[in-house]
Amino acid sequence: MDAFTMVVMACVAGEAHCATSRFSEMDFTTARACEARVDDIIRSMTKEFSKRLEFKGRQVTYDVSCMDRAQLAAKFGIASSDT
């Protein structure tokens with residue numbers, strides 16, 4: 001069974017670049033299992049942003065995708081992989 005990878009893009013209002021993180025766990029064997037972790041991971045990222053005084057009062061938007069290996073390769077234009 002293929003494992004799923006969660007890709008999170010977090011954008012802070014007024015910042016030129018968004019932060020991206022990739023989480024891949026063996027428990028992500030279905031899209032549902034991957035999505036079940038979204039709240040925990042977003043909560044953790046939000047706590048980290050709140051520690052940065054320069055971000056105080058700014059809006060953060062998140063884009064979360066749960067993809068299997070083939071979807072991940074297609075999204076990022078990976079033609080082949082050794083893994």
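In what follows, the structure referred to is the one given above.
Counting starts from 1 at the beginning of each chain's written sequence and moves along it residue by residue. For a predicted model such as this one, the threshold for reporting local features is a pLDDT of at least 70, and the threshold for listing and counting side-chain atom pairs is 80 or more; totals across whole chains, interfaces and linings nevertheless cover every residue. No hydrogens and no water enter the side-chain calculation; it runs on all heavy atoms of the structure.

**Points about helix α3 (residues 69-76)**
Step number 1: Here a polar contact is taken to be a pair of N or O atoms separated by no more than 3.5 Å, where protein atoms must pair a possible hydrogen donor with a possible acceptor and residues adjacent in sequence count only if both atoms sit in side chains. A run of H or I in DSSP becomes a helix once it reaches four residues, and a run of E becomes a strand once it reaches two; helices and strands are each numbered from the N terminus. Measuring from the side-chain oxygen of the N-cap residue of α3 to the backbone nitrogen of A70 gives 3.2 Å; that N-cap residue is D68.
Step number 2: Backbone geometry just downstream of α3 places G77 in the positive-phi region, at approximately 70°.

**Details of the packing of aromatic side chains**
Step number 1: Stacked, edge-to-face and tilted are the three classes for Phe, Tyr and Trp ring pairs, Trp counted by its six-membered ring, which pair at centre distances within 6.5 Å; planes under 30 degrees apart are stacked, over 60 edge-to-face, the rest tilted. Under the defined criterion, the tally for this structure stands at one aromatic pair.
Step number 2: With 5.7 Å between their ring centres and 65° between their planes, F49 and F55 make a pair best called edge-to-face.
Step number 3: The cut-offs for exposure are 20% and 50% of the maximum accessible area for each residue type, with area from a 1.4 Å probe on protein chains only; residues under the lower value are buried, those over the upper are exposed, and the others partly exposed. Owing to a relative accessible area of 9%, F55 belongs among the buried residues under this scheme.

**Notes on the state of the cysteines**
Step number 1: Here, the term disulfide refers to a pair of cysteine sulfur atoms separated by no more than 2.5 Å. Scanning the entire structure with this criterion turns up two disulfides.
Step number 2: A sulfur-sulfur distance of 2.0 Å marks the disulfide that ties C11 to C18. Taking the sign of the S-S torsion, about 105° here, the bridge from C11 to C18 comes out right-handed.
Step number 3: With its sulfur 2.2 Å from that of its partner, C34 forms a disulfide with C66. Taking the sign of the S-S torsion, about -85° here, the bridge from C34 to C66 comes out left-handed.

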